[in-house]
Amino acid sequence: MSTDFLTDISKTLEEIKADGLYKRERMITSPQGGEIRVGDAAVINLCANNYLGLADHPDLIAAARGVMDDKGFGMASVRFICGTQDIHRELEQRLAKFLGKDDTILFAACFDANGGLFEPLLGPEDAIISDSLNHASIIDGIRLCKAKRYRYLNSDMNDLEAWLKQAREDGARHIMIATDGVFSMDGYLAKLPEIRALADKYDAIVMVDDCHATGFMGATGAGTPEHFGVDVDIVTGTLGKALGGAIGGYIAGPQLVIDLLRQRARPYLFSNSLPPSIVAAGLEAIRLVEEGNSLRAQLFENAKYWRAGLEKLGFDLLPGEHPIIPVMLGEAQLAQDMASRLFDEGVYVSGFFFPVVPRGQARIRTQMNAALTRDELDRALAAFGKVGKELGILS
């Protein structure tokens, strides 16, 4: 390989480190949970997407282990060749029923689902209007599509309407509004009732990425549309967060949309099918969610308690009702230093900074889950208070 090429890469890496933006990974030696082991250290985990605490649930582990004797380890093929088992369709139909949609199509991850959604459905004569804080997978999926692209300011309904008018004036055949259901860096919910009303006014389609809501938002855990009591046209989501924390994504929507995606969505056509163990655990996760009012109640009780504790200590928090509770710090290096010191105190968190969030808005993004105990939360609050004072964040 070219020496000049590697030299340029080395310079880029050194610049990332000098700016305090270099990401380092810690090796977990235990199952995912409210308390985990990193090397020889036991730490309280406040930064996983394990909202309902199902990542190490014995029923999911038993389902994953038990199905392999009957269905095997892996599919070794894509769906349309010889990679579809009966349990794949069972999971798709269970998800569709749970979400109130006609059908669902599975992907290796929601990143792939969002990457494969737009291009088969929309062409050069169409338009996509995307929230400015949408997940990277939506942004990348839109880039692969030939539709005209517009971007509205985060949750700014006046700006959204202005772009809807512009798209109609530009002669768009079909318009799709794309938004996260929950903006994961901030924990803010999309304004779905207002988005739906504008979509109806301008005859637009509404697509929602509900990765950070499916399983626990809404009366039955069906996500932000259920939470707000509105219908959206297309929902994408994941099995990798509240629904067991493994891998796998999906798109749920009208039958004709799903049928076309099976024919033309490239990540679906050219990626191996989900392993049977993941599918079986996904089915079990849906069962637990459907019976899981106590898990959802515990999750939001933990979130309320944690938020109140951080506010009492004096941290700068973003407002919200979601179990994502960001602690705002401003500078990337401060976020890195705080995460490192909290780890020394037995609390596992991660600093978020540019390019994940805008420059000057670095933070520690804490996330609640139903498996965290009151004792663990109290110990974590004590650690936050101690480290916050040491670093001059708290007076």
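Basis of the calculations
- Residues numbered from 1 in each chain as written.
- Predicted model: local features only at pLDDT ≥ 70, side-chain atom pairs only at ≥ 80, totals over all residues.
- Heavy atoms only, no water.
- Phe/Tyr/Trp six-rings, centres within 6.5 Å; stacked < 30°, edge-to-face > 60°.
- Helix = DSSP H or I, 4+ residues; strand = E, 2+ residues; numbered from the N terminus.
- Buried < 20%, exposed > 50% of the residue type's maximum accessible area, 1.4 Å probe, protein only.
- Lys NZ or Arg CZ within 6 Å of the ring centre and 35° of its normal.
- Core = buried A, V, L, I, M, F, W, Y, C linked by side-chain atoms within 4.5 Å.
- Contact = heavy atoms within 4.5 Å.
- Expected span 1.5 Å × (residues − 1).
- Polar contact = N/O pair within 3.5 Å; in protein donor to acceptor, adjacent residues only side chain to side chain.
- Patch = residues over 30% accessible without salt bridge, like charges linked within 9 Å, V, L, I, M, F, W, Y side chains within 5 Å.
- Areas by Shrake-Rupley, 256 points an atom, 1.4 Å probe, with all protein chains shown as cover.
- Salt bridge = Lys/Arg side-chain N within 4 Å of Asp/Glu carboxyl O.

Caption draft 1: Layout of the packing of aromatic side chains. Taken as a whole and judged by the stated rule, the model has seven aromatic pairs. Residues F107 and Y268 carry aromatic rings whose centres are separated by 5.9 Å and whose planes lie at 65° to one another, so their mutual orientation is edge-to-face. One end of the pair, F107, is in strand β3 (residues 103-107); the other, Y268, is in helix α11 (residues 266-269), with 161 residues separating them in the sequence. For Y268, a relative accessible area of 7% gives the class buried. Seen from the ring of Y22, K17 lies directly overhead, with NZ or CZ sitting 4.9 Å from the centre. The ring of Y348 is capped by R26, whose NZ or CZ atom sits 5.4 Å from the centre of that ring.

Caption draft 2: Molecular detail of the nonpolar core. Grouped together as the largest cluster of nonpolar side chains are 65 residues, with contacts concentrated most on L46, W306, L310, M368 and F384. Of the residues forming this core, the biggest block, nine residues, is contributed by helix α12 (residues 276-290). If we skip the residues at most four places from it in the chain, M368 touches L46, Y51, L299, N302, A303, W306, P323, I325 and L377. Listed in part, the 25 residues of the second largest apolar core include L121, I138, M207 and I251.

Caption draft 3: Molecular detail of α12. Here α12 contains 15 residues, and its C-alpha end-to-end distance of 21 Å stays within 8% of the 21 Å for a straight helix at 1.5 Å per residue. Burial within α12 is extensive, with 13 of its 15 residues counted as buried.

Caption draft 4: Layout of the environment of A222. Topologically, A222 is positioned in the loop between β9 (205-209) and α9 (224-228). Given the relative accessible area of 13%, A222 is considered buried. A sequence separation of 173 residues divides A222 from N49, and the C-alpha atoms of the two residues are 16 Å apart. With residues near it in sequence (within four places) discarded, A222 still touches F98, L99, D210 and M217.

Caption draft 5: Broad picture of the side chain of N134. Within the fold, N134 resides in the loop between β4 (127-131) and α6 (136-143). Judged by relative accessible area, which is 5%, N134 ranks as buried. Within the structure, N134 has its side chain in polar contact with the backbone oxygen of A178 (distance 2.9 Å).

Caption draft 6: Here's a closer look at a nonpolar patch on the surface. A cluster of nonpolar side chains, M1, F5, L6, I9 and L13, forms an exposed patch at the surface whose accessible area comes to about 510 Å². Relative to the assigned elements, M1 resides in the segment before α1 (3-18).

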